[in-house]
Amino acid sequence: MPTRILPAVGDADAVRSLTTLLSQLPDAEPMTPVADSTQLVDTLARLAAESIDELPEVVVVHERIGPVPALELIREVALRFPAVGVILVTSDAGPGLFSAAMDSGARGLVALPLSYEELVSRVQAVAQWSVGVRRHLGHGGDVFTGIGGRAVTVSGAKGGVGATVAAIQLALAAQASGHSTALVDMDLQAGDIASYLDVQFRRSVVDLAAITDISPRVLADAVFRHDTGMALLLAPGEGERGEEVTDRAARQIVSALRSRYEVVVLDCGAQMSGASAAAVEMADTALLVTTPDVVAVRGAKRTVRMWDRLQIRKAEETTIVVNRHTRGTEIQPPLIQKITGTAVAGTAIPANFKELQGAVDAGRLHELDNRSTVKQALWGLAGELGIVRTPEGDRKGGGRLKGDRGSVSFRRRRGAGG
């Protein structure tokens, strides 16, 4: 059986030299190279969704891959696709890097400049390991969790546009539909999820920041199990401690959550930090909430352009959610789409804060009345994004979600998931 090898190399010269050598290896089947970390993870996720057997036995990661650093990328691949063997190609083959690569989950290291003998030896050893792991685990669909959970980030074009309310309701909708769901407060200095849900809990996302290997038990100790069934990972009570959560820590935390929960919703607030930027970069869906006024729309455009400049996320990979929408406003969703260059969610959230005020003031946003037009719109948005599981009886429009007495049904709308 040929060994499928997926090169992940950002440098054009390195791509040519590596693919040339890989094509000469015995029983090797090099795949089309991927140019960056996002493309690598997306490719593996797509292959895993088709069939576990479609995954390559070996992934070769070049040290200059980006935008996610090589070791952090290796850690994510090892966590999400545990039967794929990863080899790091690097100019620094010293014991320090070798140890760090092994700790990140690599199965081998090859020094630059490339040597045919060393490359064939490493590839064969890693391929044999990968085949052995798959044979040992079997091919049951419940054994591999490579594709991981769905991560959705919710950011605000500016403060006060309703990003936190949107994040909470999206997570509640996903949980009520039967998905295991985690809601994360990544607004590290000013996060208010605990206040909206009347939660007092001493642990926060900061408790995971210094941990290099986040096991399921460590993660379980850090999250708060809400009455609704959601897992909450809260912002620190002392805002200054948010600086302890680096972009590297954020990537590890998001990866750990995705390996354990089917849906992970992250409230990233309106102020960008290294941690929130890493979350947006890793997200399957990145939402940017704005209101239909000039200041907020300018803020949305500024954020989209900043994400693009910093290579966090392209405009076409971002979805704008219009909150407090009214038919009479001059700024309508099509205009916002034209201004920002992003997709715009088909569901606009109506302007009706009076419906929310009682639940918000009481810290019981999870008990918002099912007749609320705001709740219905946000739960409809969850259906549009595909983060709710449609009950059997609802496939013809007649079912209800578990844990909700309302009559809101969900229908996935194509083309608006970002």
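Quick notes on the rules
- Residues numbered from 1 in each chain as written.
- Predicted model: local features only at pLDDT ≥ 70, side-chain atom pairs only at ≥ 80, totals over all residues.
- Heavy atoms only, no water.
- Patch = residues over 30% accessible without salt bridge, like charges linked within 9 Å, V, L, I, M, F, W, Y side chains within 5 Å.
- Areas by Shrake-Rupley, 256 points an atom, 1.4 Å probe, with all protein chains shown as cover.
- Salt bridge = Lys/Arg side-chain N within 4 Å of Asp/Glu carboxyl O.
- Lys, Arg positive; Asp, Glu negative; His and termini not counted.
- Charge placed at Lys NZ, Arg CZ, Asp CG, Glu CD.
- Helix = DSSP H or I, 4+ residues; strand = E, 2+ residues; numbered from the N terminus.
- Buried < 20%, exposed > 50% of the residue type's maximum accessible area, 1.4 Å probe, protein only.
- Pairing = 2+ DSSP bridges.
- Right-handed = clockwise from strand over helix to strand, strands pointing away.
- Axes fitted to C-alpha atoms, helices over the stretch in contact; angles between N-to-C directions.
- Parallel < 35°, antiparallel > 145°, perpendicular 65-115°, else oblique.
- Contact = heavy atoms within 4.5 Å.
- Nonpolar A, V, L, I, M, F, W, Y, C, P; charged D, E, K, R; others polar.
- Core = buried A, V, L, I, M, F, W, Y, C linked by side-chain atoms within 4.5 Å.

(A) Spotlight on a negative patch on the surface. A cluster of like negative charges, contributed by Asp 42, Asp 308, Glu 316 and Glu 317, occupies part of the molecular surface. Within the secondary structure, Glu 316 sits in the loop between α11 (294-309) and β12 (318-322).

(B) Spatial organisation of the pairing of strand β5 (residues 108-111). Judged by which residues are buried, β5 turns out to be covered on both faces: Gly 108 and Val 110 on one side and Leu 109 and Ala 111 on the other are all buried. Taken together, the four bridges between strand β4 (residues 85-90) and β5 define a ladder with parallel strand orientation. From the neighbouring strand, Val 89 faces β5, where its bridge partner is Val 110. At this point the chain moves from β4, through helix α4 (residues 95-104), to the parallel β5, and the crossover so formed is right-handed.

(C) Broad picture of helix α10 (residues 274-282). Summarising burial for α10: eight of the nine residues are buried, a large majority. The set of residues buried in α10 consists of Ala 275, Ser 276, Ala 277, Ala 278, Ala 279, Val 280, Glu 281 and Met 282.

(D) Layout of the packing of helix α3 (residues 70-80) against α4. The interhelical angle for the contact between α3 and α4, taken along N-to-C directions, is 30 degrees, at an axis separation of 8 Å. With respect to each other, α3 and α4 are oriented roughly parallel. The residues of α4 that touch α3, namely those facing Leu 71, Ile 74, Arg 75 and Ala 78, are Leu 97, Ala 100, Ala 101, Asp 103 and Ser 104. Looking at the contact of α3 with α4 residue by residue, the class counts come to six nonpolar, one polar and two charged.

(E) Expanded view of the nonpolar core. Counting residues in hydrophobic clusters, the biggest one holds 46 residues, and the most contacted among them are Leu 219, Leu 233, Val 245, Ile 253, Leu 257, Tyr 261 and Leu 266. Setting aside anything within four residues of it in sequence, one finds Leu 266 in contact with Ala 151, Val 152, Thr 153, Val 154, Val 184, Met 186, Val 254 and Ala 279. In terms of nonpolar packing, the next biggest core, distinct from the first, is built from 43 residues, Met 230, Leu 234, Val 374 and Ala 382 among them.

(F) Representation of the sheet that holds β12. Taken in spatial order, the eight strands of this open sheet run β8-β9-β7-β10-β6-β11-β12-β13, and their pairing is mixed. Strands at the two margins of the open sheet, each flanked by one partner only, are β8 (224-225) and β13 (343-344). Bridge analysis of β8 against strand β9 (residues 231-233) gives two bridges, and the strand direction is antiparallel. Each residue of the ladder has a partner; that of Arg 225, found in β9, is Ala 231.

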